Amino acid sequence: MPAVGGVPAGGVPGKAYPGNLTPYVTVTCIVAAMGGLIFGYDIGISGGVTSMDPFLKKFFPSVYRKKNEDKSTNQYCQYDSETLTMFTSSLYLAALLSSIVASTVTRKFGRKLSMLFGGVLFCAGAILNGFAKAVWMLIVGRILLGFGIGFANQSVPLYLSEMAPYKYRGALNIGFQLSITIGILVANVLNYFFAKIEGGWGWRLSLGGAMVPALIITVGSLVLPDTPNSMIERGQHDEAKEKLKRIRGVDDVEEEFCDLVAASEASQLVENPWRNLLQRKYRPHLSMAILIPFFQQLTGINVIMFYAPVLFNTIGFGSDASLMSAVITGIVNVGATMVSIYGVDKWGRRFLFLEGGTQMLICQAIVTAAIGAKFGVDGNPGDLPKWYAIVVVLFICIYVAGFAWSWGPLGWLVPSEIFPLEIRSAAQSVNVCVNMIFTFVVAQAFLAMLCHMKFGLFLFFAFFVMVMTVFVYFFLPETKGIPIEEMNRVWKTHWYWSRFVSDDDNPKVEMGKGGRAIKNV
């Protein structure tokens, strides 16, 4: 039996397609990965503006009063407002709904069109939020932003996985997560400076600034080439073969091209990819499409990234200091993601998952003890020593680093590379939907949970970090160095998933002249 959760020693035997990491494909993947900027910018900006007093005073006066005027309010509960959390979390509900539509657009019209829709919708939401006069304008704007994120998160990871040579797929795909972290960092830096603008209108610049990453993905989607997989799926075989030669940098692409055509022909036999997902042979894929994004959101990372300024303010930092602390965690986030880019194809996905999970678990236990010791249950820390606050920030940064080189990027990479073509768009849509459902739930419930569970909230998330680390150890196979159309091999050699997948499950397709697939009768 193979090692727990892994593959037999020496890896899975199989094909090794020729190909190089060409400048063309590198630039293409960098431009496409910038689709993550809109998601990251929004995550960073929303937490920052909700800690700005002029923004709260205009749109959420009850929160403003609790924060600044009612000194009897428990420190844990000063931001507890259903309207405020609806402002933050409405985006993720919209992203959930749009990802279902995006699945069809991505499959039938290509990955580029989904990116274009994502950029245009996000830009419209940014304009509405920047000029908002009432709460309803804020929430409608957030819904438009959510529609944009749903399309981008559906198409960009798939695009990157399909364009990249399999040896470098991990590093290039993680460019999406790197863009998310850069977006968060830029948003935190802008919040820090915009909060200082006299007249209290800096929040408009923060929200309206989302137009910049939206325009980047919009223009990028117009100049990017489509993936060979997508072109073959739409019957453009000759163009796809020429495109494959260009992105691989070699003329000998016959074997890979034939496998792509065979996979496409097999996918055409599937009448309903959504219903097909429920077949027994796709049990491993569906399980990962649901559980990986579920666990990713229950690491507690969104507690830190959505509400970093709010959280640091709550644990005793002043308003300026809380925004600066969020900038520090943003820098750590970017740096640690670069570690993942370096190591994902070198050390493998499982190693990073397991190391990152262990690191996050230890940090959450220490932060729980530190906050619990000073704040207790009444939320009144008195005067926090400077060294004490530094210790809390230090371990939060170590926690963020653990997430940023494990569950952050790999939560998007692994699902996007394990699905066969016939269910790829539908399964990626499930992945995005589950991600957005639990992002919405966490965002909507967090401030109320912080108010009621106090410092125990960190233990709540620590429990899930422990469960998901055990899950990875036993059930997630290593996918490093496996061509995307050959990924079925990892399930056949896994100690548990092999019972669901067999050679008989593969569609009987063989190659005819010119690389066209012929269905066996």
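Small disclaimer: the values here were computed from a predicted structure and weren't measured. (Residues numbered from 1 in each chain as written. Predicted model: local features only at pLDDT ≥ 70, side-chain atom pairs only at ≥ 80, totals over all residues. Heavy atoms only, no water.)

Focus: the overall build of the protein
Using the following cut-off: Note on conventions: DSSP H or I runs of at least 4 residues are helices, E runs of at least 2 residues are strands, and numbering of each starts at the N terminus. Burial classification: accessible surface area is computed with a 1.4 Å probe over protein chains only, and a residue below 20% of its type maximum counts as buried, one above 50% as exposed, and the rest as partly exposed. Contact between two residues is taken to exist if any of their heavy atoms lie within 4.5 Å; hydrogens are not considered. Note on areas: Shrake-Rupley with a 1.4 Å probe; residue coverage comes only from the protein chains shown.
Counting its secondary structure elements, the protein contains 24 helices and two strands. Burial status across the protein gives 61% buried among its 521 residues. Across the protein, contacts joining residues at least 24 apart in sequence account for 81% of those joining residues at least 6 apart. As displayed, the protein offers around 19,300 Å² of accessible surface, 66% of which is attributable to carbon and sulfur atoms.

A closer look at the side chain of Thr469
For Thr469, the position within the fold is in helix α23 (residues 456–475). By relative accessible area, which is 14% here, Thr469 ends up buried. Apart from residues no more than four positions distant in its own chain, Thr469 is found in contact with Leu354, Gly357 and Thr358.

Some points on the pattern of salt bridges
Selection rule: We define a salt bridge as a side-chain nitrogen of Lys or Arg found within 4 Å of a carboxyl oxygen belonging to Asp or Glu.
In total, this model carries 13 salt bridges according to the counting rule given. Here Glu233 and Arg111 are joined by a salt bridge, their closest N and O atoms 3.4 Å apart. Taken together, the residues Glu233 in helix α11 (residues 228–233) and Arg111 in helix α6 (residues 111–130) connect sequence positions 122 residues apart. Under the relative-accessibility criterion, Glu233 is labelled buried at 11%. Judged by relative accessible area, which is 0%, Arg111 ranks as buried. The salt bridge partner of Arg424 is Glu162, with a shortest N-O separation of 2.9 Å.

Observations concerning a nonpolar patch on the surface
For clarity, the threshold we go by: Each patch groups residues whose relative accessible area exceeds 30% and which form no salt bridge, using 9 Å between like charges and 5 Å between nonpolar side chains of Val, Leu, Ile, Met, Phe, Trp and Tyr.
A surface patch of nonpolar side chains, amounting to about 520 Å² of accessible area, comprises Phe463, Met466, Val467, Val470, Tyr473 and Phe474. Tracing the sequence through the fold places Met466 in helix α23.

Observations regarding the packing of aromatic side chains
To keep things clear, this is the line we draw: Aromatic rings from Phe, Tyr and Trp, taking only the six-membered ring of Trp, are treated as a pair when their centres fall within 6.5 Å; an angle between ring planes under 30 degrees marks them as stacked, one over 60 as edge-to-face, and anything in between as tilted. Think of it as a cone above the ring: NZ of Lys or CZ of Arg counts as a charge over the ring if it is within 6 Å of the ring centre and within 35 degrees of the ring normal.
Under the defined criterion, the tally for this structure stands at 30 aromatic pairs. With centroids separated by 5.6 Å and ring planes inclined at 55°, the aromatic side chains of Trp495 and Tyr496 adopt a geometry described as tilted. Accessibility expressed as a relative area gives 27% for Trp495, which makes it partly exposed. Among the residues examined, Tyr496 registers a relative accessible area of 24% and is labelled partly exposed. Ring geometry for Trp497 and Phe500: centres 5.9 Å apart, planes at 45°, overall tilted. Here the guanidinium or amino end of Arg246 rests over the ring plane of Tyr24, the centre of that ring lying 3.8 Å away.

Overview of the environment of Thr28
Within the element layout of this structure, Thr28 appears in helix α1 (residues 23–33). Residue classification places Thr28 among the buried residues on the basis of a relative accessible area of 5%. C-alpha of Thr28 to C-alpha of Ile247: the two residues are 219 residues apart in sequence and 9.2 Å apart in space. Every residue in contact with Thr28, bar those within four places of it in the chain, is listed here: Tyr159, Met163, Leu224 and Pro225.

Looking at the confidence of the model for the protein
The cut-off we apply is this: For every residue, the predictor states its confidence as a pLDDT score lying anywhere from 0 to 100.
Chain-level pLDDT for the protein is 82 on average; 85% of the residues reach the 70-or-more range. The low-confidence segment residues 1–13 (pLDDT under 50) makes 32 contacts with residues lying over four places distant or belonging to another chain. With pLDDT under 50 throughout, residues 507–521 is counted as low confidence; its partners more than four residues away or in other chains account for 29 contacts.

Thoughts on the packing of α1 against helix α7 (residues 135–163)
Under the convention used in this document: All axes are obtained by fitting lines to C-alpha atoms, using only the stretch in contact for helices, and the reported angles, taken between N-to-C directions, cover 0 to 180 degrees. Any angle from 65 to 115 degrees is called roughly perpendicular, while one under 35 is roughly parallel, one over 145 is roughly antiparallel, and all others are oblique. We call Asp, Glu, Lys and Arg charged. Ala, Val, Leu, Ile, Met, Phe, Trp, Tyr, Cys and Pro are nonpolar, and the rest, Gly among them, are polar.
As a packed pair, α1 and α7 sit with axes 10 Å apart at the nearest point and diverge in direction by 170°. The pairing of α1 with α7 is recorded here as roughly antiparallel in orientation. Within the contact between the two elements, α1 uses Val25, Thr28, Cys29, Ala32 and Ala33 and α7 uses Val156, Tyr159, Leu160 and Met163. A breakdown of the residues in the contact of α1 with α7 according to their chemical character gives eight nonpolar, one polar and no charged.

Some details on the environment of Ser325
Relative to the elements of secondary structure, Ser325 occurs in helix α18 (residues 319–347). Once the C-alpha coordinates of Ser325 and Ile390 are considered, the two residues, 65 residues apart in sequence, prove to be 9.6 Å apart.

Brief notes about helix α20 (residues 386–404)
What counts here: How far a helix is expected to stretch is found by multiplying one less than its residue total by 1.5 Å.
A rise of 1.5 Å per residue sets the reference length of α20, with its 19 residues, at 27 Å; its end C-alpha atoms lie 27 Å apart and thus fit the reference within 8%. Taken together, the buried positions of α20 are occupied by Tyr388, Ala389, Val392, Val393, Ile396, Cys397, Tyr399, Val400, Ala401, Gly402, Phe403 and Ala404.

Examining the packing of α7 against helix α21 (residues 407–418)
Think of two packed helices as two axes; the pair is described by the angle between the axes and how far apart they sit. Formally: Should the near helix be turned anticlockwise from the far one by less than a right angle, the crossing is termed left-handed; should it be turned clockwise, right-handed.
The geometry of α7 relative to α21 is characterised by a closest axis approach of 9 Å and an angle of 70° between their N-to-C directions. For the element pair α7 / α21, the angle class is roughly perpendicular. For the pair α7 and α21, the crossing hand works out as right-handed. Judged by residue contacts, Asn153, Pro157, Leu158 and Ser161 of α7 engage Trp412, Ser416 and Glu417 from α21. Considered class by class, the residues forming the contact of α7 with α21 number three nonpolar, three polar and one charged.

So, helix α13 (residues 254–268)
In this model, α13 (15 residues) spans 21 Å end to end at C-alpha, consistent with the 21 Å of a helix rising 1.5 Å per residue. For α13, the set of buried residues is Glu256, Phe257, Cys258, Asp259, Leu260, Val261, Ala262, Ala263, Ser264, Ala266 and Ser267.

Structural notes on the environment of Glu82
Looking at where Glu82 falls in the secondary structure, it is placed in helix α5 (residues 82–109). Classification of Glu82 as exposed rests on a relative accessible area of 67%. When the C-alpha positions of Glu82 and Leu447 are compared, they lie 8.7 Å apart, and in sequence the two are 365 residues distant.

So, the nonpolar core
Selection criterion: Put simply, buried Ala, Val, Leu, Ile, Met, Phe, Trp, Tyr and Cys residues joined by side-chain atoms within 4.5 Å make one nonpolar core.
Core analysis: the biggest nonpolar cluster contains 125 residues, and Phe55, Phe60 and Trp407 have the highest contact counts within it. Take this core: its biggest share by element is 13 residues, from helix α22 (residues 424–453). Those residues in contact with Phe55 that lie beyond four places of it in its chain are Val49, Thr50, Phe60, Phe87, Leu138, Trp203 and Leu207.

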